[in-house]
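Observations on the model geometry
The lines below spell out each chain.
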Amino acid sequence: MMSLPRIGLLLGLLALPAAASPVSYQVAVNTTSALGVVGDLAFQFVPGGATGFQSATATIALFLSDGHTTSALPASINNNFGLAITGFTYGTFLQFVVSFNGPALSSPGGATTGSTFSLSLLDNTMTPLPITDANGNFVTVDVNLDGSTTATATSTAATISVATPEPSAAMLAALGLLGGAVGIRRAFGGAGIPSSATRAL
Amino acid sequence: MGAAQYCGYAGTAQGETVRHNILAFGFIIVSIPSTHAQNVVTSRYDSYRQSATLTETILTRNAVKSASFAQLHSVPVDGQVYAQPLYLHGVTIPNSGVHNVVFVATEHDGVYAFDDATLAVLWNKSLLAVGLPGATSVIPVPSNDVGSGDLTPEIGITATPVIDASNGTIYVEAKTRETVAGRNHYVHRLHALDVATGNEKFGGPIIIADTTSPGATASYVYNSGPSVRGSGDGSVSGVVNFNALRQLCRPGLVLSAQTVYVSCASHGDNGPYHGWVLGYDAATLQLKAVFNTVPNGSEAGIWQSGDAPAVDAQGNLYVVTGNGTFDGTLSGGFPVNHNYGDTVLKISPDPASTALNPNPNGWGLKVADYFTPSNQASLSASDADVGSGGIMLLPDGAGPAVHPNLLVTAGKAAELYVIDRSNMGHYNPPTSGTPNPPNLIVQDLGGAVPGGGMFSGPSWYAGHLFLSGGALGRFSVTNGVIPPHADSGQSSAGTGFPGASATISANGAADGIAWVLSRSANQLIAHSTDDLSTALFRGSVPGGVVKFTVPTVAGGRVFAGSTNALTSWGLTGSLQQQTINFPALGTATFGDAPVALRATASSNLPVTYAIVSGPGRVTGSTLTITGAGAITVQASQAGDATWAPATATQTLNVNKASQTMTFAGPGNHTTSDGVLTLTAGAGASTSPVTFSVVSGSATIAGAALTLRGVGALTLKASQAADANYNAAPDVVRTIQVTLGSRAALAATGGTPQSTPVSSAFPTALQARVTDGGVALAGVPVTFAAPTGSVSGSFAAGSSFTVNTDASGNASVRVYTANSNAGSQTVTASIANGASAAFTLTNIATGPVEVTSKVQILRLRLIYSFRSHGFNGSVTVTNTSGAPMAGPLQLVFSALTPGFSVANATGTSSYGPYITLTGVPSLAPGTTATVNVQFAAPAFQPFDYTPRLFSGVFP
């Protein structure tokens, strides 16, 4: 199991320059204060307006939590006002890797509006948990007009960091997640790892 | 020929001779020669213009063809002599005794009286001495001014004067150009001169007409002169005025029934002109008759080669006109519009008419009868004037029984018209069936004039008519009938253009001689009237023959004018010739002491002196300079029983004297000191001191200086030259003019006005500075913006100073309202504290869209599950390169229906907007960020168009 202190509470901006390959961020949220709460995870990927943006896709992978989902996690979300809500029972943490690609990143130019990916944690009345920011978000990732990205942890309960895509690191992460999954299953009475996270591996 | 006729003479009470005709058949009546020479007081000797003297006893044919007949004297005159010399015997000249006098008039406006024997100058008079008030120049009219080379280089006296022998008056018509205040006046005057002294008489001269012409613009100002009612060429409001520039009075003057008549045409057909006959009372010189040949047309001048109009015993005048308007349509036998071009006119006094109650052609004279050739239209079209030659009345009774009283004339077409003076024939108009109807006159002799067109006058002697085209021909008249051609063998050699008017001298029926001046040969030629084919005498004419001129025979001598001299011919007899040694006179300066004249005669006889021309006076042998210019003095020795007369001339050139003028200047002044009177100490000339502004703001009228601005003012005083003095050196003075306490300031433009906030007012602010009603230039005017919140700015800030222009105006082109709406007062002020206010209004209106000047980016739009709306940010970056005035409003146009801006500042006609708080202006390249909250019905796509406006929405 990966302990929360090892993930760290990274609150602040994390910017990456434009890159030809997908850009990935590791997101982790301490949901201890919401342990047992039944609610929803809301992923949104929204442009500044319905016109004037370049297309981009956010892909969710390596989802890991000691809570459990009650509906399918989204495989990917487009930035054309994309929104995916996943039923979720909160454990003490959740984490995942979100990767961004598409023309907005690979061949930026001519856009007048950027796009922003964000994660909101909601209760069963679709009300943001108290630990979220004013908008109900934990993290945001801006896809800027020049193809760069800016990641922000908007809640003290969340961290976001650049994910390293090397195979060795990925292998270690997979092993860690596997160990974590065992721990979670023990703590929550056998709640399984979401299939989507497995698919993302 | 079985009959001969000639005429005797009798002097009239006024001096002009009226021929009393005696007609005889089968015998000859010889008049008794007078004990003295016949006077020649009018053009062509008498009022019938027959041009003959029948009392010449000295110049017999034998004498003239002998070696004793030769040129006697030739003396210079100051201009061309177009006028025929006149002659009076027995004139008492003050301090000089009794002389037979030859009178000569010149185109330089000179009139001379010469002793007939010696051609010594008895007096000479320049008619240029009289001018309009204020005239700075009085000169003969330069030929260039009239646009014709017919008469060069100048026009002065052209018409032969007329003399009233009964009271010793010679009447002269003179033309001048007189410059007054820089404008040229063309003036015709009638002078009445004492034959003994040349002094003016009867209050003369009088101005016949004064016309101002600006030159090339061909518009005229008729300052004075006669006029008639009509619509003719040059008419103004139904009035035809005498144009003193265009009219030339070439025909000789007429004296008849106490009236002096002046007749006129023009220079080279240059219009507007008309044919005129003007009558002046001989004793008072007052205008008493005006006659216009074409009051409703043009031209029809009276030229007559200089011959005076003929006058019959009843006082009717006969003139013939040149090409011009003739009304082909008749009414009661007369032209319906009273226009008489190419017409022989009989004009009678018309006492019933007045200037206020005129007849159709004027007043004081009227048309009594007329003749116009039936081919007048073609004559006029080809400029074949009927009136190019003179008109002559045959002796009364000389015609056939049914037409006893005839006149003859001929024109350019060389067609001799013989007309019954009592029934002149009017006009026989062409019709379609008769395109060339006959002229209804006594005789119509086409091609009769020898040598071609007639540019001279007929002559009459002993039953013979003499005509000259290019040659002189004699026509023997039998039973009142004139032959169609000159008598066989009775034509002279050619005399060249324009022909030659013959003067006949004879002693009754004996020794008839025809004298002509040949322009082609430059000779005086004498023919026996019985043999024109040969010459009794030929003698060169010093200076050259002038066209149209006529020799005068009187007292046994022949006199002829030329281009520059008067020459006499006569019998020299066996007298010894003497010469006069007259040393050169050199040069002098006006104001110099009198000059001693030291001419000596080879005969050792005493020499006398006289002024030929120029500003001088001779007393004994002393020449007193009376002005600058060339003074020509003639030294004469009259001869005696042994010695022939002799003359010599010399010219003293008198330069103008210098003069000095003083001018201290008016000293420094303020603009409130009113109109200043400039004074200067004039030099010796008669020219006035004139003042002008060299630099600075002021105007001058005469000596009145009006200050029209502040600063340095430089004035100049000048005194022009006059006839005797050179111009004085200019004196220049500079003074300082400061703003006076009385000076006032007024807002004259740009108030009230309004403009949207933060924009320039559309109309320049203008203030005018005056002092006592006079606009002031160069005065600094300061415009100041108010200090309140509602204000504006000039290009240079809160105030602006500019000097007034020549109209006293100071203007501010750019004044920009600030961003606050409301009224404001801009104040203009000048140094003396005077001020003016401008009421201006800053209008609060919608802001100006500046979207094109910025880059707008929409970022970080996130749906909020708390507010159930979208939150985002918009960045605005100034890309215009210039500061962008705030406040700035971000407008969300075309927002998807159902969405709204939750944190909107307001809603405009373009959509909801958010004011960019804390952004008073946006510097180039800088970015402002606006956070926006959209209320959404659900999470769903939406859009809007961001737009940026500068200013405040109302």
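Computed from a predicted model, the values in this text were never measured in an experiment.

Attention now goes to the overall build of chain A. Broken down by element type, chain A carries 4 helices and 12 strands. Contacts in chain A between residues far apart in sequence, at least 24 positions, make up 74% of those at least 6 positions apart. Total accessible area on chain A is roughly 8100 Å²; 61% of this is exposed by carbon and sulfur atoms.

Moving on, we get to the side chain of Asp210(B). Residues and elements named next belong to chain B. Tracing the backbone shows Asp 210 in strand β15 (residues 206–212). The side chain of Asp 210 sits in the buried core without any salt bridge; Arg 189 is the nearest counter-charge, 7.2 Å away. Once residues lying within four places of it in the same chain are set aside, the contact partners of Asp 210 are Leu 132, His 185, Tyr 186, Val 187, Val 221, Tyr 222, Asn 223, Ser 224 and Ala 244.

Here the focus is the environment of Ala514(B). Residues and elements named next belong to chain B. Mapped onto the fold, Ala 514 is located in strand β39 (residues 510–518). Residue classification places Ala 514 among the buried residues on the basis of a relative accessible area of 0%. Considered as a pair, Ala 514 and Thr 529 are 15 residues apart in the sequence and their alpha carbons are 5.7 Å apart. Setting aside its immediate chain neighbours within four residues, Ala 514 contacts Leu 472, Ala 502, Thr 503, Ile 504, Ile 525, Ala 526, His 527, Thr 529 and Leu 532.

This part is about the interface of chain A and chain B. Bring the parts together and some accessible area is lost; that lost area is often taken as the interface size. At the junction of the two partners, chain A supplies 32 residues and chain B supplies 20 residues. Here chain A and chain B share an interface that buries about 2000 Å² over both sides, 56% of which is from carbon and sulfur atoms. Ranking the residues of chain A by area buried against chain B places Gly48(A), Phe81(A) and Asn135(A) at the top, with a combined share of 26%. Along the contact surface separating chain A from chain B lie 1 salt bridge. A salt bridge links Arg860(B) to Asp142(A); the shortest N-O distance between them is 2.5 Å. For the side of chain A that touches chain B, the elements supplying multiple residues, two or more each, are β3 (38–47), β7 (82–89), β9 (115–123) and β10 (137–143) of chain A. Residues belonging to the side of chain A that touches chain B are distributed by class as follows: 14 nonpolar, 16 polar and 2 charged.

This brings us to the environment of Thr69(A). Counting through the fold element by element, Thr69(A) comes out in strand β5 (residues 68–69). Taking the relative accessible area as the measure of exposure, Thr69(A) reaches 23% and is therefore partly exposed.

Another aspect to go through is the pattern of salt bridges. Residues and elements named next belong to chain B. Counted by the stated rule, this structure contains 16 salt bridges over all chains. The closest approach of N and O atoms between Lys 288 and Asp 281, which form a salt bridge, is 4.0 Å. Residues participating in the shared-partner salt-bridge network are Arg 61, Arg 474, Asp 487 and Asp 530.

Quick look at the nonpolar core now. The biggest cluster of nonpolar side chains holds 55 residues, and the ones touching the most others in it are Val64(B), Phe103(B), Phe114(B) and Trp515(B). In this structure, Val141(B), Ala159(B), Phe242(B) and Cys249(B) belong to the second largest nonpolar core, which totals 37 residues.

Here we take up the packing of aromatic side chains. Within the structure shown, the criterion is met by 47 aromatic pairs over all chains. Of the aromatic side chains, those joined through ring pairs into one cluster are Phe81(A), Tyr863(B), Phe865(B), Phe870(B), Phe892(B), Phe899(B), Phe934(B), Phe939(B), Phe942(B) and Tyr944(B). Taking NZ or CZ as reference, Arg858(B) lies 4.9 Å from the ring centre of Tyr944(B), over its face.

Our focus in this paragraph is the confidence of the model for chain B. Residues and elements named next belong to chain B. Averaged over all residues, the pLDDT of chain B equals 91, while 95% of them reach at least 70. The low-confidence segment residues 1–15, where pLDDT is below 50, has 62 contacts with residues more than four positions distant or belonging to other chains. Taken together, the stretch residues 19–36 has pLDDT below 50 and engages in 40 contacts with residues farther than four places along the chain or on a different chain. Under the prediction, the complex receives an ipTM of 0.80, its pTM being 0.55.

The next subject is the state of the cysteines. All names here are of chain B. Summed over the entire model, instances satisfying the criterion amount to 1 disulfide over all chains. The disulfide that involves Cys 249 links it to Cys 264, with 2.1 Å between the sulfurs. In this structure the cystine formed by Cys 249 and Cys 264 twists about its S-S bond by roughly 75°; its chirality is therefore right-handed. In this pair, Cys 249 sits in the loop between β19 (247–248) and β20 (254–256) while Cys 264 sits in strand β21 (residues 259–266), placing the two residues 15 residues apart along the sequence. For Cys 264, a relative accessible area of 0% corresponds to the buried category.

Once that is clear, we can look at the sheet that holds strand β47 (residues 595–596) of chain B. All names here are of chain B. One open sheet holds the 3 strands; their spatial order is β47-β51-β50, and the pairing between them is antiparallel. Across the chains shown, the open sheet's two edge strands, defined by having one partner strand only, are β47 and β50 (616–619). Note that β47 and strand β51 (residues 622–625) share 2 bridges and pair antiparallel. Pairing of Ala 596 across the sheet is with Thr 622, part of β51.

Let's shift gears to unusual backbone geometry. Residue and element names in this part refer to chain B. The residue after Thr 152, namely Pro 153, is reached through a cis peptide bond having omega 0°. Structurally, Pro 153 is set in the loop between α2 (143–146) and β11 (154–155). Put simply, Gly 204 and Pro 205 share a cis peptide bond, and its omega is 0°. Positive phi values are uncommon outside glycine, yet Gln 258 reaches one of about 65°. Taking the relative accessible area as the measure of exposure, Gln 258 reaches 41% and is therefore partly exposed. Phi angles above zero are rare outside glycine, and Asn 604 is one such case at about 65°.

Residue and element names in this part refer to chain B. Ordered by their spatial adjacency, 3 strands build an open sheet running β55-β58-β57, and the pairing between neighbours is antiparallel. The open sheet has two free edges, formed respectively by β55 (676–677) and β57 (698–701), since each of these has just one partner strand. Sheet topology note: the β55/strand β58 (residues 704–707) ladder contains 2 bridges and is antiparallel. Residue pairing across strands places Leu 676 opposite Leu 705, the latter belonging to β58.

Rules behind the numbers
- The residue numbers shown here count from 1 along each chain, following its written sequence.
- Lettering for chains starts from A, numbering for ligands starts from 1, and both go in the order in which the items are written.
- For a predicted model such as this one, the threshold for reporting local features is a pLDDT of at least 70, and the threshold for listing and counting side-chain atom pairs is 80 or more; totals across whole chains, interfaces and linings nevertheless cover every residue.
- Side-chain metrics rest on all non-hydrogen atoms present in the structure, leaving aside hydrogens and water.
- The secondary structure listing takes helices from DSSP runs of H or I that are at least 4 residues long and strands from runs of E that are at least 2 residues long, numbered from the N terminus.
- We call two residues contacting when some pair of their heavy atoms lies within 4.5 Å.
- Only the protein chains shown count as cover for residues, and all accessible areas are computed by the Shrake-Rupley method using a 1.4 Å probe.
- Between buried and exposed lies partly exposed: a residue is buried under 20% and exposed over 50% of the maximum accessible area for its type, with that area taken using a 1.4 Å probe on protein chains only.
- Residues scored as charged are limited to Lys and Arg (positive) and Asp and Glu (negative), so that His and the chain ends carry no count.
- Here, a salt bridge means any side-chain nitrogen of Lys or Arg that lies within 4 Å of a carboxyl oxygen of Asp or Glu.
- By definition, the buried area sums, over both parts, the 1.4 Å-probe accessible area that each loses when the two are put together.
- Charged means Asp, Glu, Lys or Arg here, nonpolar means Ala, Val, Leu, Ile, Met, Phe, Trp, Tyr, Cys or Pro, and polar covers whatever is left, Gly included.
- Residues belong to one nonpolar core when they are buried, are Ala, Val, Leu, Ile, Met, Phe, Trp, Tyr or Cys, and are joined through side-chain atoms within 4.5 Å.
- Side-chain rings of Phe, Tyr and Trp (the six-membered ring for Trp) are treated as a pair once their centres are within 6.5 Å; stacked means planes under 30 degrees apart, edge-to-face means over 60, and tilted covers the remaining angles.
- A positively charged side chain is recorded as over a ring if its NZ (Lys) or CZ (Arg) lies within 6 Å of the ring centre. The angle to the ring normal must also be within 35 degrees.
- In predicted models, pLDDT denotes the confidence assigned by the predictor to each residue on a 0 to 100 scale.
- In this description, the term disulfide denotes a pair of cysteine sulfurs within 2.5 Å.
- By the convention used here, strands pair only if DSSP detects at least 2 bridges between them.

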